[in-house]
Amino acid sequence: GCSRDWDGLTCWPGAAFGEVVKVPCPRFFEEITNIHGKSFLQRNCTQEAFWSEPFPPYTIACGFDEGSSKGPEDQKSYYSAFWHVYTAGYAASVTSLITALIIFAAFRKFHCTRNYIHMHLFVSFILRAIAVFTKDAVLFADETMDHCLMSTVACKAAVAFFQFSILANFFWLLIEGIYLQTLLLLTFVSDKQYVWWFIYTGWGAPSAVIVAWVFTRIHRQNTGCWDDDENGIVLWIIKGPIMLSILINFIIFINVIRILVHKLKSQEGGGSHSSHFLRLAKSTLLLIPLFGVHYIVFAFFPESTGLEARLYIELGLGSFQGFVVALLYCFSNAEVQSELKKQLCKWQYQEYLNFTHKHGTLSRENSPVNYVTQLSLLEKISPKRKTSVCQNGVTSV
C-alpha cells in the first residue's frame with residue numbers, strides 16, 4: 001500500500017492499493033479565501049504504490065483562486081512577518097518581566113500580598129513566552145520536517161507545556177480581578193487569609209486541567225504532536241476553563257466599574273484608604289480591559305471566525321502583554337520609581353565616599369611631608385643607625 005505522506009500542506013494517512021483517502025482542506029485556506037465550511041480533497045493509492053495527485057486540486061477544492069494577489073508565497077511572507085513581530089514581543093516581555101521580578105524581590109518594601117500576586121502573574125507571562133519559543137523550536141524549526149511522522153514525546157510535552165502556560169496566564173489574570181474586587185468590597189483584607197488560596201488556585205487549577213487533558217489525549221486522540229484540530233471533550237477540557245475565566249473577568253470588570261463609580265460619588269471612603277484604592281484600581285482597571293475583556297469578542301465564536309483579526313490580537317498585541325503588564329504594575333508605579341531613585345542616590349553617594357576615601361589615602365601617601373616622616377622612621381629602625389649610636393656611646397664613655 002501507500003505509506004503516510006506529507007505533501008507540504010496536508011498529512012495523508014496510509015492506505016491500501018486502490019483505496020481512496022478523503023481529508024478536509026487545511027484550515028489556513030479559510031483565511032486566504034474567506035470561505036468557511038468543510039471542503040474535502042481526495043487521493044488514490046495506485047497499483048504502483050504511488051499516491052495520485054489530489055483531486056479536485058487545492059485551487060478548486062479549497063476555493064483558492066490562482067489569480068488572487070494573496071498567493072501562497074504572499075501568505076508565507078505574511079505569516080513570517082507575524083512570526084518576527086510576536087518573537088520580538090515575547091522577547092521584550094520576558095526581559096521586562098524578569099527585571100520587574102528582580103525589583104519586587106530585591107526590595108523588602110514591596111513584599112506584600114498585592115505584589116506577590118503581581119509576581120505570580122509575571123511568572124505566568126514568562127512561562128507563556130518560553131512555551132511559545134519552545135513550541136516553535138520543537139515543531140517548526142525544520143521546514144523539511146515530515147509532520148505526518150512527527151509524534152515524539154518531546155513535541156507532545158512542548159504542546160502540553162504551551163497549553164498549561166496559556167491556562168495559568170488566564171487564571172492569574174482572573175485572580176488579579178478577584179483580588180481587586182475583594183479590596184474594593186472589604187475594608188480590611190488579611191494577607192494570610194487569601195494569598196495562599198490565590199496561589200493554590202492560580203497554579204493548582206491549570207495543573208489539574210492539563211493533567212485531565214493529557215490523559216484524554218492519550219486515550220481518545222493520541223495523534224501527531226497534539227497540535228492538530230481537537231474534537232468534542234478534548235477541545236472543551238482546555239477551552240472551557242479559559243472561556244469561563246474570560247466571562248468571570250468580564251463580569252468582575254463591570255462590577256468594579258460600578259463600585260468605583262459609587263465610591264467616587266459618595267464621600268464615605270475619603271482619606272488615605274481611598275487614595276490607596278484608587279491607585280490600585282487605576283493600575284488594575286487598565287489591565288482588565290486590555291488583557292481580559294477583549295478576549296470575550298472571540299471567546300464564544302467558532303475558531304474560523306475572524307482569523308486575521310485573531311492573528312493581530314492574539315499574536316501581535318498578545319505577545320506584548322507581558323511588557324505592558326510590567327509597565328503598569330512595576331515601572332510606572334510611583335512607589336517603585338521613588339524607591340529606585342533612593343537606591344540610585346545611595347549607590348552614587350557610596351561611590352563618592354569610596355572615591356574620596358581612596359583619593360585622600362593616595363594624597364597622603366604621595367605627600368612630601370609623608371616622605372620625610374618615612375625617612376625618619378627608616379633611620380630609627382635601620383641596623384646601621386643603631387650600631388652607630390652604640391659606637392658613639394662607647395667613645396663618649
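Residues numbered from 1 in each chain as written. Predicted model: local features only at pLDDT ≥ 70, side-chain atom pairs only at ≥ 80, totals over all residues. Heavy atoms only, no water.

The chain is annotated in an unreviewed UniProt entry as VIPR protein of Oreotrochilus melanogaster. A UniProt comment under Sequence similarities (unreviewed entry) is attached to the chain, and it reads "Belongs to the G-protein coupled receptor 2 family." (UniProt positions renumbered as here; feature names shortened; annotations may be inferred.)

A. Inspection of the state of the cysteines at higher detail. Inspection of every chain in the model, using the stated rule, returns one disulfide. The residue that forms a disulfide with Cys 155 is Cys 225, at a sulfur-sulfur distance of 1.9 Å. Measuring handedness by torsion sign, the sulfur bridge of Cys 155 and Cys 225 sits at about -90° and is left-handed. Of this pair, Cys 155 sits in helix α5 (residues 153-185) while Cys 225 sits in the loop between α6 (191-220) and α7 (232-265), placing them 70 residues apart in sequence. Exposure remark for Cys 225: the relative accessible area of 4% places this residue in the buried category. (Disulfide = S-S within 2.5 Å. Helix = DSSP H or I, 4+ residues; strand = E, 2+ residues; numbered from the N terminus. Buried < 20%, exposed > 50% of the residue type's maximum accessible area, 1.4 Å probe, protein only.)

B. Region of interest: the UniProt feature "transmembrane region" (unreviewed entry) in the chain. Mapped onto this numbering, the UniProt entry gives "transmembrane region" (unreviewed entry) at residues 83-107, 119-141, 161-187, 194-216, 236-260, 280-301 and 313-332. In the segment residues 313-332, helix accounts for 80% and strand for 0%; the C-alpha atoms at its two ends are 24 Å apart.

C. Highlighting the pattern of salt bridges. Scanning the model with the defined rule gives two salt bridges in all. The shortest N-O distance in the salt bridge between Glu 339 and Lys 109 comes to 3.6 Å. Of this pair, Glu 339 sits in helix α12 (residues 334-365) while Lys 109 sits in the loop between α3 (72-106) and α4 (113-139), placing them 230 residues apart in sequence. Look at Glu 339 and you get buried, because its relative accessible area is 16%. We note a salt bridge from Glu 335 to Arg 114, for which the minimum N-O separation is 3.8 Å. Residue Glu 335 is located in helix α12, and its partner Arg 114 is located in helix α4; the two are separated by 221 residues in the primary sequence. Here Glu 335 falls in the partly exposed class, since its relative accessible area comes to 29%. By relative accessible area, which is 14% here, Arg 114 ends up buried. (Salt bridge = Lys/Arg side-chain N within 4 Å of Asp/Glu carboxyl O.)

D. Spatial organisation of a nonpolar patch on the surface. A contiguous nonpolar surface patch, about 300 Å² in accessible area, is contributed by Val 85, Phe 320, Phe 323 and Leu 327. Here Val 85 is to be found in helix α3. The exposure class assigned to Val 85 is partly exposed, which follows from its relative accessible area of 38%. (Patch = residues over 30% accessible without salt bridge, like charges linked within 9 Å, V, L, I, M, F, W, Y side chains within 5 Å. Areas by Shrake-Rupley, 256 points an atom, 1.4 Å probe, with all protein chains shown as cover.)

E. Examining the pairing of strand β4 (residues 40-44) more closely. By the alternation rule, side chains of β4 split into Leu 41 and Arg 43, which are all buried, and Phe 40, Gln 42 and Asn 44, of which none is buried. Examined bridge by bridge, strand β3 (residues 20-24) and β4 share five bridges and lie antiparallel to one another. Across the sheet, residue Lys 22 finds its bridge partner in β4, namely Gln 42. (Pairing = 2+ DSSP bridges.)

F. Quick look at the packing of α4 against helix α11 (residues 321-331). Look at α4 against α11: their axes get within 10 Å of each other, and the N-to-C directions meet at 160°. One way to sum up the angle between α4 and α11 is to call them roughly antiparallel. The crossing of α4 and α11 is left-handed. Of the residues in α11, those in contact with His 118, Leu 121, Phe 122, Phe 125 and Arg 128 of α4 are Gln 321, Gly 322, Val 325, Ala 326 and Tyr 329. (Axes fitted to C-alpha atoms, helices over the stretch in contact; angles between N-to-C directions. Parallel < 35°, antiparallel > 145°, perpendicular 65-115°, else oblique. Left-handed = near helix turned anticlockwise from the far one by under 90°. Contact = heavy atoms within 4.5 Å.)

G. Local environment of the nonpolar core. Within the largest apolar cluster, 55 residues are counted, with the highest numbers of intra-cluster contacts made by Phe 122 and Trp 213. Per-element tally for this core: the top contributor is α5, with 15 residues. Contacts of Phe 122, omitting those with residues within four sequence positions, involve Leu 97, Ala 100, Leu 101, Phe 104, Val 325, Ala 326 and Tyr 329. Counting residues in each nonpolar core, the second largest holds 12 residues, with Trp 12, Ala 15, Tyr 58 and Ala 61 among its members. (Core = buried A, V, L, I, M, F, W, Y, C linked by side-chain atoms within 4.5 Å.)

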